[in-house]
Amino acid sequence: MRATRRAAEFSSLMLTYVGQTPAKQEVFDISMTCNEIMASLTESVPKKICLKKDFPHSGPYVQADKVQLHQIVSNLIINACEGIGDRDGEIRVSIGSMKAKDISTDHIFPLRWEPVQDDYICLEISDTGSGIESDVIDLIFDPFFSTKFTGRGLGLAVVTGFVHAHRGAVIVVSEPGRGSCFRVLWPALATETTGHKEEHVTDCRPSHNSGKVLVVEDEVMNWREGAR
């Protein structure tokens with residue numbers, strides 16, 4: 001049962017990675033929401049790390065899933081903390097805009113992503129950590145890839161899955177010893193809004209096809225005890 005529950009959890013994360021997680025989308029102020037998210041993460045950030053913000057008090061507006069945005073920002077800030085380690089450092093969260101013609105295709109995820117409109121909202125999370133080696137940077141969003149001894153290597157994979165579901169992308173700029181910068185691109189709304197919310201739930205109901213699921217577990221478990 002433990003193996004089956006774990007397999008179900010990983011299956012859910014893999015669906016997220018390919019952008020198949022149901023999203024409850026609404027129009028909201030991304031600056032105000034990020035301000036709330038950062039306030040909730042204050043206790044989780046080590047005392048040696050200074051968490052700074054560089055965005056307006058309100059605006060711009062995006063259409064997205066607030067819960068998924070919270071996970072994106074949380075995962076990227078946690079990832080930045082791990083890059084800084086036990087040293088003094090700084091993490092900066094910025095929000096701005098970017099034109100499609102100015103988007104660099106170097107180290108962009110999902111791979112082969114192309115803009116579908118002219119204007120994008122850019123959520124940027126940068127740090128003063130150890131940076132990412134050039135031979136690793138194209139692998140960091142792969143499921144189960146991790147340079148750490150612990151963890152499942154799914155934090156960044158979940159990030160790119162959520163962004164993919166919102167028709168956006170992530171750009172990574174990093175250099176060993178000089179920190180990293182993750183730029184999350186969201187499609188800008190066609191018209192500016194002031195508080196109007198529109199909800200939309202993606203229909204991801206399973207099909208009625210039949211099939212089999214094979215569970216492979218390489219950890220020793222006490223099956224006799226578990227059967228009780």
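Our structure's up above, just so we're on the same page.
Numbering of residues starts from 1 in every chain and runs along the sequence as written. At least 70 in pLDDT is required for a residue's local features to be given in this predicted model, at least 80 for side-chain atom pairs to be given and counted, and no such filter applies to totals for whole chains, interfaces and linings, which use all residues. Working from all heavy atoms in the structure, the side-chain values ignore hydrogens and water.

Caption draft 1: Seen up close, the overall build of the protein chain. A tally of helices and strands in the protein chain yields 5 helices and 9 strands. Secondary structure of the protein chain in N-to-C order comes out as α-β-α-β-β-α-β-β-β-α-β-β-β-α. Think of it in three bands: residues with accessible area under 20% of the maximum for their type are buried, residues over 50% are exposed, and the middle band is partly exposed, with areas taken using a 1.4 Å probe on protein chains only. Across the 228 residues in the protein chain, those meeting the buried criterion constitute 38%. Methods summary: accessible areas were calculated by the Shrake-Rupley approach with a probe of 1.4 Å, and residue burial reflects only the protein chains presented. With an accessible surface of roughly 14100 Å², the protein chain has 51% of that area assigned to carbon and sulfur atoms. A run of DSSP states H or I qualifies as a helix once it reaches four residues; a run of E qualifies as a strand once it reaches two. Both are numbered from the N-terminal end.

Caption draft 2: Inspection of the nonpolar core at higher detail. In plain words, nonpolar cores are sets of buried Ala, Val, Leu, Ile, Met, Phe, Trp, Tyr and Cys residues tied together by side-chain atoms within 4.5 Å. Counting 42 residues, the largest nonpolar core has I77, L123, V172, F182 and W186 as the members making the most contacts within it. Those elements that provide at least two residues to this core are helix 2 (30-40), strand 3 (61-64), helix 3 (66-84), strand 4 (89-99), strand 6 (119-127), helix 4 (155-165), strand 7 (169-174) and strand 8 (180-187). When neighbours within four sequence positions are excluded, I77 is seen to be in contact with L41, V45, L51, I91, V93 and I125. In this analysis, two residues are considered to be in contact whenever any of their non-hydrogen atoms come within 4.5 Å of each other.

Caption draft 3: Main features of the packing of helix 2 against helix 3. For helices, the fitted line uses only the C-alpha atoms of the stretch in contact; every axis is such a line through C-alpha atoms, and the angle between N-to-C directions lies from 0 to 180 degrees. Relative orientation of the contacting elements helix 2 and helix 3 amounts to 55 degrees, with a least axis distance of 10 Å. With respect to their mutual orientation, helix 2 and helix 3 come out oblique. Classified by chirality, the crossing of helix 3 by helix 2 is right-handed. On helix 3, the residues touching I30, T33, C34, I37 and S40 of helix 2 are K66, L69, H70, V73 and S74. Across the contact of helix 2 with helix 3, the residue classes break down as 5 nonpolar, 4 polar and 1 charged. For classification purposes, angles smaller than 35 degrees are called roughly parallel, those larger than 145 roughly antiparallel, those between 65 and 115 roughly perpendicular, and all remaining angles oblique. The handedness criterion is simple: a crossing whose near helix is rotated anticlockwise from the far helix by less than a right angle is left-handed, and one whose near helix is rotated clockwise is right-handed. Three categories are distinguished: nonpolar for Ala, Val, Leu, Ile, Met, Phe, Trp, Tyr, Cys and Pro, charged for Asp, Glu, Lys and Arg, and polar for the others, with Gly belonging to the last.

Caption draft 4: Focus on the pairing of strand 6. With respect to burial, strand 6 is a largely interior element, 8 of its 9 residues being buried. For two strands to pair, DSSP has to find at least two bridges joining them. Two elements, strand 4 and strand 6, share 9 bridges in a ladder whose sense is antiparallel. Among the inter-strand pairings, I91 is bridged to a residue of strand 6, identified as D127. Across 8 bridges, the pairing between strand 6 and strand 8 is antiparallel. Its bridge partner being in strand 8, L123 is matched across the sheet by V184.

Caption draft 5: Focus on the state of the cysteines. Here, the term disulfide refers to a pair of cysteine sulfur atoms separated by no more than 2.5 Å. This model, assessed by the stated rule, comprises 0 disulfides. Here C122 is not cross-linked by a disulfide; its sulfur's nearest cysteine counterpart is in C181, at 7.3 Å. Among the residues examined, C122 registers a relative accessible area of 7% and is labelled buried.

Caption draft 6: Structural view of the sheet that holds strand 6. Strand order in the open sheet formed by 6 strands is 2-4-6-8-7-5, and the pairing between neighbours is mixed. The sheet is open, and its two borders are formed by strand 2 (49-54) and strand 5 (108-109), each paired with just one other strand.

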